[in-house]
Amino acid sequence: MTKVEVSFKHLPTTAVSDATGGHTNLRSAIKPLADHYKIAGRAVTVRLPDGENGAVLEAIRAAKEGDILVIDAKGNTNRAVAGDFVLSLAKGIGVQGLVVDGVIRDIVAIRELDFPVFSIGTTVAAGYKNGGGEVNVPIAIGGVSVRPGDYIIGDVDGVVVVPQEDAERIIAAAEVKIEKDEIRAQEAHTNGKESIIAYLDKVLTK
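One structure accompanies this document, and this report is about it.

Reading the values: rules and limits
Residues numbered from 1 in each chain as written. Predicted model: local features only at pLDDT ≥ 70, side-chain atom pairs only at ≥ 80, totals over all residues. Heavy atoms only, no water. Helix = DSSP H or I, 4+ residues; strand = E, 2+ residues; numbered from the N terminus. Buried < 20%, exposed > 50% of the residue type's maximum accessible area, 1.4 Å probe, protein only. Contact = heavy atoms within 4.5 Å. Lys, Arg positive; Asp, Glu negative; His and termini not counted. Charge placed at Lys NZ, Arg CZ, Asp CG, Glu CD. Polar contact = N/O pair within 3.5 Å; in protein donor to acceptor, adjacent residues only side chain to side chain. Core = buried A, V, L, I, M, F, W, Y, C linked by side-chain atoms within 4.5 Å. Pairing = 2+ DSSP bridges. Salt bridge = Lys/Arg side-chain N within 4 Å of Asp/Glu carboxyl O. Right-handed = clockwise from strand over helix to strand, strands pointing away. Patch = residues over 30% accessible without salt bridge, like charges linked within 9 Å, V, L, I, M, F, W, Y side chains within 5 Å. Areas by Shrake-Rupley, 256 points an atom, 1.4 Å probe, with all protein chains shown as cover. Arc of directions from axis to C-beta.

1. A word on the overall build of the protein chain
The number of helices and strands found in the protein chain is seven helices and 12 strands. The buried share of the protein chain, reckoned over its 206 residues, is 46%. Residue pairs at least 24 apart in sequence account for 73% of intrachain contacts in the protein chain once pairs closer than 6 positions are excluded. Taken as two groups, the 23 positive and 28 negative side-chain charges of the protein chain have centres that lie 2 Å from each other.

2. Considering the side chain of Gln96
Among the secondary structure elements, Gln96 is positioned in the loop between helix H4 (84-92) and strand E4 (97-100). Polar side-chain contacts of Gln96 include one of 2.8 Å to the backbone oxygen of Gly66. Beyond its immediate sequence surroundings of up to four residues, Gln96 is in contact with Lys9, Lys38, Ile39, Ala40, Gly41, Gly66, Asp67, Ile68, Phe115 and Pro116.

3. Details of the nonpolar core
In this structure, Ile71, Val99 and Ile152 are the most contacted members of the largest nonpolar core, which totals 43 residues. With residues near it in sequence (within four places) discarded, Ile152 still touches Ile39, Ala40, Gly41, Ala43, Ile68, Val70, Val99, Val146, Val159, Val160 and Val161. Counting residues in hydrophobic clusters, the runner-up holds 15 residues, among them Leu11, Ile153, Val162 and Ile171.

4. Some thoughts on the pairing of E4
Residues Gly97 and Val99 point to one face of E4 and Leu98 and Val100 to the other, with burial holding for every one of them. As defined by bridge partners, strand E3 (residues 68-72) adjoins E4 across four bridges and the pair is classed as parallel. Across the sheet, the residue bridging to Ile71 is Val100, located in E4. The pairing of E4 with strand E6 (residues 117-119) spans two bridges and is parallel. Each residue of the ladder has a partner; that of Val99, found in E6, is Phe118.

5. Section: the pattern of salt bridges
One pass over the structure, following the stated rule, counts nine salt bridges. Where Asp18 meets Lys177, a salt bridge forms, and the shortest distance between an N and an O atom there is 3.2 Å. Separated by 159 residues along the polypeptide, Asp18 in helix H2 (residues 13-20) and Lys177 in helix H6 (residues 167-189) bring together distant segments of the chain. Under the relative-accessibility criterion, Asp18 is labelled partly exposed at 43%. Classification of Lys177 by relative accessible area gives partly exposed; the value is 26%. Note that Glu165 is salt-bridged to Arg147, the shortest N-O span being 2.7 Å.

6. Digging into the pairing of strand E2 (residues 39-47)
By the criterion of burial, E2 is predominantly enclosed, with seven of the nine residues buried. Relative to strand E11 (residues 151-155), E2 is paired through four bridges, and the arrangement is antiparallel. Within E11, the residue paired with Arg42 across the bridge is Tyr151. Taken together, the five bridges between E2 and E3 define a ladder with parallel strand orientation. Following the sheet pairing, Ala43 is matched in E3 by Ile68. Handedness of the crossover joining E2 and E3 through helix H3 (residues 55-62) is recorded here as right-handed. Note that E2 and strand E8 (residues 134-135) share two bridges and pair antiparallel. Residue pairing across strands places Val46 opposite Val135, the latter belonging to E8.

7. A few points about a nonpolar patch on the surface
Together, Ile196, Leu200, Val203 and Leu204 make up an exposed nonpolar region whose accessible area comes to about 350 Å². Tracing the chain through its elements places Val203 in helix H7 (residues 192-204). Exposure remark for Val203: the relative accessible area of 35% places this residue in the partly exposed category.

8. Some remarks on H3
Within H3, the full set of buried residues consists of Ala55, Val56, Ala59 and Ile60. Buried residues in H3, looked at end-on, bunch into an arc of 150 degrees, giving them a common side. For H3, the elements touching its buried residues are E2, E3, H4 and E8.

Right, here's the structure in full:
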């Protein structure tokens with residue numbers, strides 16, 4: 001992992017979101033399959049025609065180790081963009097995770113893979129492979145624009161996109177936010193109820 005990716009990996013999405021002003025959070029419907037999943041890496045983007053998933057294999061082939069597949073499936077919940085076999089291929093070549101505004105299938109087997117997936121749900125139906133789809137093009141997913149190479153940070157609270165040119169600034173701002181939060185918590189809880197009341201009075205009189 002690069003220095004930037006390591007930094008993002010150690011930051012909670014809430015702090016990253018605060019640093020971006022909350023403007024690049026994916027819709028909350030896109031959730032991790034397991035609470036312990038944490039991803040931070042560069043996006044390999046995929047734009048799929050409705051119900052199709054053939055381009056996912058192309059994206060896996062194009063991905064570098066540590067990349068994250070980010071798939072614009074247009075919110076389709078009828079056809080899966082991937083199942084356990086396809087995701088085992090992604091994991092096997094070092095892809096870090098998958099984020100999709102669509103659904104996956106074979107959920108039990110995918111959980112056994114321990115491969116981080118963020119999706120809007122599951123289905124029993126496989127996607128079509130009639131062709132079409134584009135890889136590493138600008139997409140929109142979960143209400144946010146994503147370009148190839150942008151940073152994707154995800155955990156149990158959700159997923160945040162950070163434009164690649166803003167990465168170092170956002171990391172610095174998120175670290176400052178965490179420091180401020182720690183100082184605030186210490187101030188509010190240093191002396192039980194008394195310090196909590198003092199903190200609330202301070203905030204409410206501003």
